[in-house]
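Architecture at a glance
For reference, the chains in residue letters:
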Amino acid sequence: MIKSIEKEISLDRRAFIKKVLGGTIAGSLLLVIPAGAMELEHIPEQIPGMRKEIGPFITGKKFAFIVDITRCIGCGSCCVADKNEYQVPDGNYRTWVERYVIDDKDNVYVDSPNGGLDGYQKPRKDLPYPVRDTFFVPKLCNMCEHPSCVQVCPVGATFQTDDGFVLIDDKRCVGCGYCVQACPYSVRFINPKTHTADKCTWCYHRVRKGLLPACVNVCPVQARKFGDLNDHESEVYKILHQPHVVSVLKPDMGNKPSLHYVGLRREVV
Amino acid sequence: MSPEHGAAVATALTNFVFPNDLHVHWSLMIVLYPYITGIVAGAFIVSSLYHVFHIESLKPVSRYALIFALAFLAFATAPLLIHLGHPERAMNMMLTPSPTSAMAGFGYIYSAYAVVLILEILFIYRPTLVALKQKSTGGMKFLYYLLTLGSDNLSPEALRVDHKITAFLAAIGIPMACTLHGYVGFIFGGVKANPMWATPLMPVIFLLSASVSGIAGIIFSYVLIKRYTGKSIDMDCIRTLIKFLWGCFILDFVFEMLELFSHAYMATHHWEALRDLYVGPLYWSFIVAQVGIFSVIPFIGLGILSLVKLSDKIVMKWGTILSFMILVQVLLMRWNVVIGGQLMSKSERGHAVFHPGWFTKEGIIVSIIIMILPIALLWLLSKVFPFWLDDDPAVERQSA
């Protein structure tokens, strides 16, 4: 009995050493071969036609982001993906998820501890009346057609690209914080590491490579959707052109966001 | 549970601040920036009351007001530079400005105003500077040579030209001073995302509060300097300044209250959040301090000093105390607008808290230093530009 166990262990040991050697060789090869190029070739294009785009701006595309409130489960995966993608300093949020709870006396309770980064794993128990409704609202940059941040930036460091993205040139930003004040949606912050303005970019660097934004990629329930409105086969086109309950945040601000919400409730600010 | 108690619990629980709104980005430095700029604009207006509108009783402070404005103007950008994340890129605002930005114009307006103020001082002081150049030796002589731009010509013809230039500069200086501070108000008033700031009254309130802070600063420092140096105080001048201070403060205080009243009366969907702000985090600094103590008392006090016949001693003593209270009132107003506006989250469901640090980059110690620097510069300038006509060698020579 003991001998058979010893034999098993020695076999395991041999297998283990083989695996370590194999891993080392494979790892060394990965270091030699340019990894980036290889990666992109092997990842299928997630936004059709994007890899044919050349030049500084994306032409012939009009991007939209849709958040489906009726789907979001408040798991916080999007927030984790975003924080990992950009190494967002603690206490600042490029995206966050809010939890709305409405009681039977129509009181609205909202919270977003740590921006929802840890996921909403337990229900709120501090409420005085029975709960009648609850839902989650993910927030991110609204990529306004008339962005207040671009309007107020004194040096043009925040700009709107021809393809509709609102981006920040951190080599030009003076860190005055005027854009932080001007954004009606509070999606901006001054990055404590770079001392410049920072915010969600809808993962512009990924989109340029034909990949979906990180948060869209990881959402387990497809509550976050991204696509080209000029592509009539895209999901975002279909949602915005079919009879859905779709709205934007703070429409009276006049900023015309490109971020749309399916099932947006009047309680949401 | 009683309904009242339930409501209280509900209010406490609904305090939701957007995660990025927990941090107050514009802190003490941005409180000081409009405060200093306002003092500059207000002091210039005092000088112009004599130079343009020929209010003769203000002659004793007409030149001092200009130097006082210059001392503060020199440090108006200091808090901004300390605040910027990248001060080394500050000049980009003037080199590559974005034309749509309400902030991008500041560099130009500030610089143009600085040029007008410096030229005004050099031309008004020219006979004095020429006389001082003749009296002085060494480095001071060279300094006066530079300040007179090398010209000793004090012929009646040359002085007439000087006078025309100073009248012109003072005349364009008034709209520029108004633009400078009205514009600073617009930097806040143009932020539509902030319901507390976004009111067309904001530039008006900023401009009026600038005027009162400038006049109050002149009264307070004039009396203090004269008392300290043991020189006589021109009571006619003080009484006139108090009347102007009262007049401007009536407008200022009324507009400040009208702004609040408009918000309350219209009671749009923003009002609930604004009201919670005023009765919550701003209760002590706004309702009690700014309005209750530092507005109501000077409002009544200045009225009494202006309307009732009182002895010189009482007018001087209370004029100085009330002027100091006005200076505090304006500082409180800047705090309540700049900090208060940011405490209300754009979620309109709650407010953040803010306590300034003592030793941080934008903290209390740095703020105190920034407020001392203009006073130190004013002392240095007094060594070059005599503030008062009775110390002026040119005046002595003319009268001799």
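Residues numbered from 1 in each chain as written. Chains lettered and ligands numbered in written order. Predicted model: local features only at pLDDT ≥ 70, side-chain atom pairs only at ≥ 80, totals over all residues. Heavy atoms only, no water.

**A few points about the domain arrangement of chain B**
Many authors give the size of an interface as the accessible area that is lost as the parts come together. All names here are of chain B. According to the domain assignment, chain B consists of domain 1 (26–189 + 357–400) and domain 2 (233–354). Here the C-alpha centroids of domain 1 and domain 2 sit 26 Å apart. Contact with domain 1, which involves 18 residues of that partner, is made by 15 residues of domain 2. Summing the contributions of domain 1 and of domain 2, the shared interface buries around 1400 Å²; its carbon and sulfur component is 79%. Contact with domain 2 buries surface across domain 1, with Val31, Tyr35 and Ser57 losing the most and accounting together for 38% of the total. Here domain 1 is connected to domain 2 by 5 residue pairs in polar contact (both at pLDDT 80 or more). Put simply, the parts of the chain that give the side of domain 1 that touches domain 2 at least two residues each are α2 (28–51), α3 (59–73) and α9 (156–189). Considering every element that reaches the side of domain 1 that touches domain 2, the biggest residue donor is α2, with 9 residues. Partitioning the side of domain 1 that touches domain 2 into residue classes produces 14 nonpolar, 4 polar and no charged. (Domains from an automatic or database assignment. Contact = heavy atoms within 4.5 Å. Buried area = accessible area lost by both parts, 1.4 Å probe. Polar contact = N/O pair within 3.5 Å; in protein donor to acceptor, adjacent residues only side chain to side chain. Helix = DSSP H or I, 4+ residues; strand = E, 2+ residues; numbered from the N terminus. Nonpolar A, V, L, I, M, F, W, Y, C, P; charged D, E, K, R; others polar.)

**Things to note about the packing of α2(B) against helix α6 (residues 106–124) of chain B**
All names here are of chain B. At a minimum axis distance of 13 Å, the contact between α2 and α6 shows a crossing angle of 40°. By the angle between their directions, the pair α2 and α6 is classed as oblique. Along this stretch, α2 crosses α6, giving a crossing that reads as left-handed. Listed contacts from α6 to Tyr33, Thr37, Val40, Ala41, Phe44 and His51 of α2 are Phe106, Tyr113, Leu117, Glu120 and Ile124. When the residues that make up the contact of α2 with α6 are grouped by side-chain class, the tally is 8 nonpolar, 2 polar and 1 charged. (Axes fitted to C-alpha atoms, helices over the stretch in contact; angles between N-to-C directions. Parallel < 35°, antiparallel > 145°, perpendicular 65-115°, else oblique. Left-handed = near helix turned anticlockwise from the far one by under 90°.)

**Notes on the side chain of B:Glu120**
Residues and elements named next belong to chain B. Among the structural elements, Glu120 can be located in helix α6. Look at Glu120: it is buried, it has no salt bridge, and the nearest opposite charge is Arg63 at 11 Å. Here Glu120 is in contact with His51, Leu66, Thr166, Leu169 and Ala170, once residues within four sequence places are set aside. (Buried < 20%, exposed > 50% of the residue type's maximum accessible area, 1.4 Å probe, protein only. Lys, Arg positive; Asp, Glu negative; His and termini not counted. Salt bridge = Lys/Arg side-chain N within 4 Å of Asp/Glu carboxyl O.)

**Thoughts on the sheet that holds strand β2 (residues 96–103) of chain A**
Residue and element names in this part refer to chain A. The strand order across the open sheet formed by 3 strands is β3-β2-β4, and the pairing between neighbours is antiparallel. Two strands close off the open sheet at either side, each with one partner strand: β3 (108–111) and β4 (131–139). Across the sheet, the mean angle from the axis of one strand to that of its neighbour is 20°, orientation sign disregarded. Strand direction decides the pairing type here: β2 and β4, joined by 8 bridges, are antiparallel. Each bridged residue has a counterpart across the sheet, and for Arg99 the counterpart in β4 is Phe136. (Pairing = 2+ DSSP bridges.)

**Overview of the interface of chain A and chain B**
Taken together, the contact between chain A and chain B spans 57 residues of the former and 40 residues of the latter. Interface area for chain A against chain B, summed over the two sides, is near 3700 Å², with a carbon-plus-sulfur share of 55%. Across the contact surface, chain A and chain B share 0 salt bridges. Connecting chain A to chain B are 27 residue pairs in polar contact (both at pLDDT 80 or more). Across the side of chain A that touches chain B, the residue classes break down as 28 nonpolar, 17 polar and 12 charged.

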